[in-house]
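# Residue-level structure breakdown
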Amino acid sequence: MFVNVAISIPSAATFTYGVPDDMEGQIAVGKRVLVPLGRRNVTGYIVESIFSTDTPSVKDIIDLLDSEPLFNAQDLEFYRWISEYYMYPLGKTLKSSLPGGIDIESNRWVCLSDNRPVENSDLPDAQRNILGILADYPKGLSVTKLKKTAGRKSVISELKGLQDLQFINVGDRVGKATITKKQETRVAIRSPLPPNVTLTEKQGKICEFLERHGETDISSLRSEFKNVRATITSMEKKGLLDMSTHEVYRSPARSPHIGKENSAIRLNEQQEKALGEIAEGITSHRYFPCLLHGVTGSGKTEVYLKAIEETVALGGSAIYLVPEITLTPQLMSRIQNRFDGKIIAILHSGIGQSAKYDEWRRIQRGDARIVVGARSAIFAPVRDLRLIIVDEEHDSSYKQGEHLPYNARDLAIVRAKQGAATVILGSATPAIQTYFNTQNRNFKLLELTRRVAGRDLPRVDIIDMKQEGGNTPPLFSRPLIDAVRETLGAGKQTLLFLNRRGFHTFLYCLDCGYIFKCLNCSVSMTHHMNDGYLMCHYCNFRVKAPPACPTCGGSRIHSYGMGTERVEEEIATLFPDARVGRMDSDSTSRKGAYEKILTSLDRGEIDILVGTQMITKGHDFPGVTLVGVVSADTSLNVPDFRAAEKTFQVLTQVSGRGGRGDSPGRVIVQTVNPNNSTIRLARDHNYISFYHDEIAMRQGLGYPPFSRMVNLVISSTNEAAAADCAKKLHPVARDMAQLGGGTVAVLGPAEAPLYKVKGRYRWQLLLKGKNIPALHSLAEQILGYNKDSTLRIKVDVDPVNFM
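Structure report, in brief.

Thresholds, definitions, all that
- Residues numbered from 1 in each chain as written.
- Predicted model: local features only at pLDDT ≥ 70, side-chain atom pairs only at ≥ 80, totals over all residues.
- Heavy atoms only, no water.
- Pairing = 2+ DSSP bridges.
- Helix = DSSP H or I, 4+ residues; strand = E, 2+ residues; numbered from the N terminus.
- Axes fitted to C-alpha atoms, helices over the stretch in contact; angles between N-to-C directions.
- Contact = heavy atoms within 4.5 Å.
- Phe/Tyr/Trp six-rings, centres within 6.5 Å; stacked < 30°, edge-to-face > 60°.
- Buried < 20%, exposed > 50% of the residue type's maximum accessible area, 1.4 Å probe, protein only.
- Expected span 1.5 Å × (residues − 1).
- Polar contact = N/O pair within 3.5 Å; in protein donor to acceptor, adjacent residues only side chain to side chain.
- Core = buried A, V, L, I, M, F, W, Y, C linked by side-chain atoms within 4.5 Å.

## Observations regarding the sheet that holds strand E15 (residues 370–373)
In spatial order, the strands read E14-E15-E13-E16-E17-E12-E18; together these 7 strands make up an open sheet with parallel pairing. Every other strand in the sheet has two partners, leaving strand E14 (344–347) and strand E18 (444–448) as the edge strands with one partner each. For this sheet, the mean inter-axis angle between neighbouring strands, taken without regard to orientation, is 15°. Sheet topology places strand E13 (residues 317–321) next to strand E16 (residues 385–391); 5 bridges connect them, and they run parallel. Across the sheet, residue Ser317 finds its bridge partner in E16, namely Leu385. Each of E14 and E15 is contacted by helix H12 (residues 353–365), which is oriented at about 135° to E14, the strand it contacts most.

## Re the packing of aromatic side chains
As enumerated under the stated definition, the model contains 16 aromatic pairs in all. A ring pair is formed by Phe209 and Phe225, whose centres lie 5.8 Å apart and whose planes are at 85°; its orientation type is edge-to-face. Placement of Phe209 in helix H6 (residues 201–213) and of Phe225 in the loop between helix H7 (218–224) and helix H8 (229–237) is noted, with a sequence separation of 16 residues between them. Judged by its relative accessible area of 9%, Phe209 is buried. Judged by its relative accessible area of 12%, Phe225 is buried.

## Some remarks on the sheet that holds strand E22 (residues 526–528)
Read from one edge to the other, the open sheet built from 3 strands follows the order E22-E23-E24, with strand pairing classed as antiparallel. Here the strands that pair on one side only, and so sit at the sheet edges, are E22 and strand E24 (542–544). When strand polarity is set aside, the average angle formed by the axes of neighbouring strands in this sheet is 30°. Here strand E23 (residues 533–535) pairs with E24 via 3 bridges, running antiparallel. Paired with Tyr533 across the two strands is Lys544, which belongs to E24.

## Quick word on helix H21 (residues 719–739)
An ideal rise of 1.5 Å per residue puts 30 Å on 21 residues; H21 measures up with 31 Å between its terminal C-alpha atoms. Turning to H21, its buried residues number three or more, namely Ala722, Ala723, Cys725, Ala726, Leu729, His730, Val732, Ala733, Met736 and Ala737. In the core, the buried residues of H21 are packed alongside strand E30 (708–716), strand E31 (744–757), strand E32 (760–769), helix H22 (772–785) and strand E33 (792–797). At the N-terminal end of H21, a side-chain oxygen is found 3.0 Å from the backbone nitrogen of Ala720, two or three residues along, and the residue is Asn718.

## Concerning the nonpolar core
Most often, soluble globular proteins keep nonpolar side chains buried together rather than apart. Ile378, Phe379, Ile388, Leu712 and Leu767 are the most contacted members of the largest nonpolar core, which totals 115 residues. It is H21 that provides the largest number of residues to this core, a total of 9 residues. When neighbours within four sequence positions are excluded, Phe379 is seen to be in contact with Phe78, Tyr79, Ile82, Ser96, Ser97, Trp360, Leu404, Tyr406, Leu411 and Arg415. By size, the runner-up hydrophobic cluster in this structure holds 31 residues, among which are Val303, Ala307, Ile346 and Leu387.

## Some remarks on the pairing of E32
A large share of E32 lies buried, amounting to 10 of its 10 residues. Taking every second residue as pointing to the same face, both faces of E32 are buried, with Arg760, Arg762, Gln764, Leu766 and Lys768 on one and Tyr761, Trp763, Leu765, Leu767 and Gly769 on the other. Where E30 and E32 come together, 9 bridges link them in antiparallel fashion. Within the sheet, the bridge partner assigned to Val710 lies in E32 and is Leu767. Alignment of E31 against E32, held across 8 bridges, turns out to be antiparallel. By the bridge assignment, Leu747 is partnered in E32 with Leu766. Once E31 ends, the chain turns through 2 residues before running back antiparallel as E32, passing Lys758 with a positive phi of about 50°.

Here's what the structure looks like:
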């Protein structure tokens with residue numbers, strides 16, 4: 001028997017291994033194996049069992065790492081599709097999809113031998129330094145750690161020389177997985193007790209405890225009785241106790257109760273009609289894609305929950321995706337109050353790896369039938385999947401930028417099609433692509449045009465900041481200040497939205513104009529005033545804010561721009577008695593921080609919350625009646641053909657946070673472009689007119705949805721090499737495209753807007769066409785043309801971010 005194994009390396013190939021006789025009955029697709037690869041032993045994933053092979057000199061599996069599969073054949077079909085579509089190796093796709101921290105591999109290990117010299121003065125300095133380091137590690141250390149300790153990029157030649165002299169031993173050592181199953185020892189009193197057994201006082205108390213409480217984990221006994229291990233061992237030998245080992249599931253912490261949940265909510269006529277269509281799709285167990293287009297506050301979430309009830313009642317399972325983990329506390333609070341907690345699983349980056357591993361296996365076994373999470377939850381090995389919900393489907397957070405560049409919204413559609421399931425894409429501001437699909441393809445359009453309980457959409461006022469404050473516009477307009485004061489007086493809450501982080505955008509020198517930029521990236525560093533440091537939000541490089549200019553030595557260092565810290569500080573100065581909070585990626589970086597902020601807002605403990613896009617997405621707080629958009633212009637001017645779409649979406653979404661309770665809402669939008677059509681249509685909550693304007697522009701220019709795109713990002717630590725490669729690739733790519741029938745246009749090359757990130761200089765080459773196989777083929781040819789190992793070419797299919 002043989003198996004084909006996918007390994008997380010930059011290759012699309014799978015590898016064939018023999019199966020030892022004692023493992024044959026345990027082999028299954030979806031299990032992990034430890035296999036030899038070159039000089040290392042690595043973790044691989046079984047993707048196929050076969051009974052013959054033409055591969056010569058097949059090596060055997062070393063170890064089987066799972067007692068049960070982590071995915072099945074149907075899941076593997078989905079993962080294969082992802083690998084092929086996004087042009088990402090299958091092994092790396094599987095590693096990205098599965099829980100982290102579970103794989104093991106061997107490391108090159110170095111230790112001193114018994115022949116090590118007492119004196120090593122005749123050796124070169126580098127070799128003497130290595131022997132000195134090894135002397136501090138009697139058991140040895142990995143080559144990786146040795147290089148780091150020695151401060152060298154390579155130690156190969158030094159190790160070879162020391163090995164030839166027999167001063168050191170070098171070999172492979174298999175490491176341990178960071179995450180494994182948690183086992184718990186349980187103790188029960190044997191019944192009946194053996195006769196004529198003499199008990200000590202402590203043993204008697206333990207027997208009494210076990211008789212009262214029944215089978216108990218040993219940690220509970222340790223809490224009740226000190227130094228219990230020896231006593232338990234003695235009692236077991238006397239035949240008084242039965243010991244057993246059980247696996248313990250580690251669950252994510254239960255979400256705090258946020259908001260009010262009422263499972264007896266009566267749906268209105270529009271909600272009932274939408275749910276009826278959805279329920280028909282779920283019951284039929286067929287592929288049914290639909291867009292639930294509902295204005296903010298129209299009750300989309302209640303429709304989702306009713307749809308999940310239908311799914312669970314039929315014995316099926318559901319995946320519920322949200323774009324940000326900050327949305328999960330309020331959502332989980334509602335779901336946990338509505339459904340049995342035993343069938344709910346949660347998957348997102350905010351929970352620990354151990355809990356995520358256990359949740360994954362609960363899902364795979366079919367114990368968890370409702371999976372809630374951010375974009376990575378789309379990979380969950382759900383059994384009998386009948387429903388996928390993608391809330392705020394327009395949100396760009398569903399697209400991953402690093403590693404596997406997938407879009408969870410698109411994968412939800414693919415997975416529903418493969419599994420004959422219903423997929424609901426929900427939004428008040430659907431992606432242009434999604435709404436286009438309802439008009440030109442087979443996506444069903446379900447509409448909720450009114451807010452629940454007859455509530456009105458908030459009134460939106462546009463403030464022309466050019467008319468405020470003379471030559472230097474203030475941070476807050478007079479109407480916004482007055483509205484905040486009025487809201488505080490009424491005992492209600494305010495949200496202030498700014499899509500920027502940090503106290504100021506950047507620092508610059510008034511004498512020579514020098515701008516403080518990151519050493520690794522071509523971006524200005526953000527000034528965080530509270531902590532007194534400059535930080536790059538792309539590579540996390542940070543440095544103390546200097547008192548003088550490094551170029552001219554001048555001391556007139558000035559800050560320019562605005563960020564959430566500055567907004568928070570100035571609003572607190574204007575309203576010293578108000579309780580002001582801030583919610584951005586800096587203030588929520590600690591575990592549980594965002595839950596604490598949302599809980600405080602829900603309890604009315606925050607009067608004014610300043611935030612970035614985190615506060616725009618799906619939150620429902622009835623006490624919020626005023627929303628202020630500090631600057632509506634930020635996203636209009638980015639180099640992206642979707643700039644208007646993203647601006648419309650964020651303005652509509654943040655406006656929708658207001659007036660969701662009994663009191664009417666008001667929104668104040670500050671802008672220097674008050675006549676911009678996107679801003680005006682957002683003010684009027686007029687998605688349909690915006691869609692028609694935008695789709696006409698896209699069709700005229702041949703942008704998606706009238707074409708598909710693949711972005712090739714060429715990067716190198718050598719600036720000249722990156723530029724040279726990009727410029728050479730263009731004519732080659734153009735010629736390849738012509739040979740392929742001329743159906744693909746090659747645009748560029750051009751420097752990326754963020755030219756340097758993490759020390760790498762970046763160029764972009766954009767492929768555009770209507771035929772995705774042709775785009776794939778051309779991208780594959782371009783990748784094959786590059787033979788320079790110092791250059792990276794990253795393929796991004798259906799790009800969302802062009803920075």
